[in-house]
Amino acid sequence: MSEAVEQRDERWPLLPPILAALGLVAGLIAHWIIGIGYQAEVGAVRLALLSFVTVSAILFGFVVIRSDLVRSALFALGCGAVAALILYFNGATSGWSATEGWRVVCLALAIGIAAPLFQAGREGGFRPISYPLAHDHAWTNAVLWCLGWAFVGVVLLLSFLLAALFDLIGIDLLSDLLREEWFWRPLVGLAFGLGLALLREQRRIVGLLQNVAMLVLGVLAPVLAVGLGLFLIALPFTGLQPLWEATKSTTPILLACAVGALLLVNAVIGNGGDDAPRNRVLRWAALVLAVAILPLIGIAAVATGLRIGQYGFTPERLWGLTFVVIASVVAVAYLVSVIRGRRAWPQRVRPANLHLAMIVCGVALLLATPLVSFNAISTRDQVARLESGKVSPDKFDWRALAFDFGEPGRKALERFKASKNEAIRKGATEAATATYRWDAPDGTQAVREESLDKTLRILPAGTPLPTELREAIAESWKCRGEPCTLAFLPEGKEAVLLVHSQFQPEPTPATKPATSSRVVRSARYGGSDIVERYLLFGGKWVDADEAIASSTDTVSDPRAKAGLDSGQIEVRPVQRRQVFVGGVPVGDPFE
């Protein structure tokens, strides 16, 4: 932390009681808005009111200074009003899709960037905004945020400790109060406001913690630089194909690495002057990280483009594409700064950071609003793929349309319910009437059944596989593309499924032959999970555990209740069965 930052805030004795009272009032109002108990859906008006109160109160605590109360209050109230309007127009949570949380993240990001820009601009007259001041305020706010919640945690732990202490002597008042939402919510607000005020008065301590945090991050920079460097060097030899085969999370992983590199670069180069790194290893590590951001983002862009080309737009992929575009702008700015600045590249990166922060703040604010509807874009794209025949109805992700695409997806389902195509009408109806997302078809059942036809062996050979049993095995995804065997038991009313990969004998030393007992232990490893049983129950093939659970309930049997009341309890021997493979017992015994 620079000397100017340490000297700019003078002691204000009224700050702790003001912020403590503000936190207490905000907690009480938030409790009044939220209400009591768990609520699955929150209305748009309540969301707007809650965001206005919390955002305004928290921001005021961070930006208020005694010499500029009016502008501090106006900035906090303005940000609270913007947050309230955005959440109001986004609608109630009942209409949110699975990715709507990213709008809240973008809103928080925009406000988190706007606060240090306002603080730095206020001190420098806004023309121009001082990068050292903005840099210091950004890091200080981050440290204060973490320490403030740590203070809240300490206060709550102390409260519960005192409650337990008084419980020992039969005074339950504090324990009862801590269970009441109207008590602990204002307590959290009061603790955060008080902790924030006390920490703001200790500028040197906060500055020391900030320096420690930046020092720790700086030490990690060479580690990440070496790792990313080796990763990029290995790519020409391994190719990009392993990236697509290893995981579907290629883009998030690469974006996380890019964000980590960006954070560590700025931790190393600081705000200039005394913060400039003197260690040559740190300087080279920062340079490697600054250059490595662009190829990482380039690979992420390729991965995102491949997924979109194969499966079309979804809100999740559009959010990923947006983050890739933003990260690409940052990566290009850093690479240009390195090329043009050469050894003095940090001097070019720092002002670039200021402009990038303003751009990201504006874009994040736009993305938080409902002006850009990824749900509508995705719905139009997926509907076009279905109607053009690019994807068949049995492989179409109806579940996503019902639960992930918000209101546009649900409207498309209603339209498809009247389709002349029977397969489309059936899929849309099942998805629209599903209570839970896992009850709706996701288009993978047909893929799993096709994979099952290639890997499933049926015993006795030539036994026909009932359609219901085929669907049940495919739905459970037990085989997962691996060789497996379905053995029908005598009378054909029961079948067991065994996956070949689960039968691996334990390794034995070369000098000691494997014994049957060692094989038995290996085959039995995993218990009943190794054997999947199916029964012909009620004319349909179902999972044996589900059939047994639905057909037996001893608790409701009046004989068991009468026997329990009379104390008639005994233990009887029960004959059970077990699957044997090659003479080896496999799985757990069953009735």
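Please read these numbers as outputs of a predicted model, since none were measured by experiment. (Residues numbered from 1 in each chain as written. Predicted model: local features only at pLDDT ≥ 70, side-chain atom pairs only at ≥ 80, totals over all residues. Heavy atoms only, no water.)

## Considering the overall build of the protein
Broken down by element type, the protein carries 23 helices and 7 strands. The 591 residues of the protein split such that 41% are buried. A sequence separation of at least 24 residues applies to 71% of the contacts in the protein between residues at least 6 apart. Here the protein has roughly 33000 Å² of accessible surface; of this, 65% comes from carbon and sulfur atoms. (Helix = DSSP H or I, 4+ residues; strand = E, 2+ residues; numbered from the N terminus. Buried < 20%, exposed > 50% of the residue type's maximum accessible area, 1.4 Å probe, protein only. Contact = heavy atoms within 4.5 Å. Areas by Shrake-Rupley, 256 points an atom, 1.4 Å probe, with all protein chains shown as cover.)

## Digging into the packing of aromatic side chains
For the structure shown, the criterion picks out 12 aromatic pairs. Considering the side-chain rings of Trp182 and Phe183, the 6.0 Å spacing of their centres and the 85° angle between planes classify their relative orientation as edge-to-face. An aromatic cluster is defined as three or more aromatic residues linked by ring pairs; in this entry it consists of Phe62, Trp145, Trp149 and Phe192. Its end group placed over the ring of Phe416, Arg415 keeps NZ or CZ at 5.1 Å from the ring centre. (Phe/Tyr/Trp six-rings, centres within 6.5 Å; stacked < 30°, edge-to-face > 60°. Lys NZ or Arg CZ within 6 Å of the ring centre and 35° of its normal.)

## Description of the environment of Ser419
Of note, Ser419 is situated in the loop between α17 (406-416) and α18 (422-433). Setting aside residues up to four positions removed in sequence, Ser419 forms contacts with Ile424 and Arg425.

## What about the sheet that holds strand β2 (residues 484-488)?
With mixed pairing, the 5 strands of this open sheet are ordered in space as β1-β2-β3-β4-β5. Either end of the sheet is taken by a strand with one partner, and the two such strands are β1 (456-459) and β5 (540-543). This sheet shows a mean twist of 25° between the axes of neighbouring strands, independent of strand direction. Relative to strand β3 (residues 494-499), β2 runs antiparallel, the two being bridged by 5 bridges. In the strand pairing of β3, Thr485 is matched with Leu498. (Pairing = 2+ DSSP bridges. Axes fitted to C-alpha atoms, helices over the stretch in contact; angles between N-to-C directions.)

## Some words on the pairing of strand β7 (residues 584-590)
Within β7, 5 of the 7 residues are buried, leaving the element largely enclosed by the surrounding structure. Relative to β7, strand β6 (residues 577-581) is paired through 4 bridges, and the arrangement is antiparallel. Bridge pairing links Val579 to Val586 in β7. Count of turn residues in the β6/β7 antiparallel hairpin: 2 residues, of which Gly582 carries a positive phi of about 65°.

## Here's the deal with the environment of Leu354
Assignment of secondary structure puts Leu354 in helix α14 (residues 345-368). When the C-alpha positions of Leu354 and Leu117 are compared, they lie 8.7 Å apart, and in sequence the two are 237 residues distant. Other than its neighbours up to four places away in sequence, Leu354 contacts Leu117, Ile129, Tyr131 and Ala134.

## Examining a nonpolar patch on the surface
On the surface, a nonpolar cluster with roughly 920 Å² of combined accessible area is contributed by Leu158, Leu161, Leu162, Leu165, Phe166, Leu168, Ile169, Ile171 and Leu173. When residues of the nonpolar patch are assigned to their parent elements, the largest contribution, 5 residues, is made by helix α6 (residues 131-167). As for its position among the elements, Leu165 is in helix α6. (Patch = residues over 30% accessible without salt bridge, like charges linked within 9 Å, V, L, I, M, F, W, Y side chains within 5 Å. Salt bridge = Lys/Arg side-chain N within 4 Å of Asp/Glu carboxyl O.)

## What to know about helix α15 (residues 374-387)
An α-helical turn contains 3.6 residues, so a residue and the one three or four places further along point in the same direction. Its 14 residues place the ends of α15 20 Å apart at the C-alpha level, agreeing with the 20 Å of an ideal helix rising 1.5 Å per residue. Of the positions making up α15, those classed as buried are Phe374, Asn375, Ala376, Ser378, Thr379, Gln382, Val383, Arg385 and Leu386. Positioned one or two residues after α15, Gly389 has a phi angle of 85°, which is positive. (Expected span 1.5 Å × (residues − 1).)

## A closer look at the pattern of salt bridges
As enumerated under the stated definition, the model contains 10 salt bridges in all. Arg71 is the partner of Asp68 in a salt bridge, and the nearest nitrogen-oxygen pair spans 2.9 Å. Classification of Asp68 by relative accessible area gives buried; the value is 12%. Looking at Arg71, the relative accessible area reads 38%, which means it is partly exposed. Shared partners join several salt bridges into a network, and the residues in it are Glu494, Arg533 and Arg577.

## What to know about the nonpolar core
Within the largest apolar cluster, 53 residues are counted, with the highest numbers of intra-cluster contacts made by Leu19, Leu59, Phe75 and Leu107. Put simply, the parts of the chain that give this core at least two residues each are α2 (15-34), α3 (44-63), α4 (69-90), α5 (101-124), α6, α8 (181-201), α13 (315-341) and α14. Among the nonpolar cores identified, the runner-up in size contains 37 residues, and Leu217, Ala221, Leu228 and Leu235 belong to it. (Core = buried A, V, L, I, M, F, W, Y, C linked by side-chain atoms within 4.5 Å.)

## Details of the pairing of β3
Two faces make up the sheet, and in a regular strand the side chains alternate between them. For β3, a buried count of 6 out of 6 residues is recorded, marking the element as mostly surrounded by other parts of the structure. Where burial is concerned, the two faces of β3 agree: the one with Glu494, Val496 and Leu498 and the one with Ala495, Leu497 and Val499 are both buried. Connecting the antiparallel pair β2 and β3 is a turn made up of 5 residues, with Glu491 showing a positive phi of about 80°. Here β3 runs beside strand β4 (residues 531-537); their pairing, made up of 5 bridges, is antiparallel. What sits directly across from Leu497, in β4, is Glu532.

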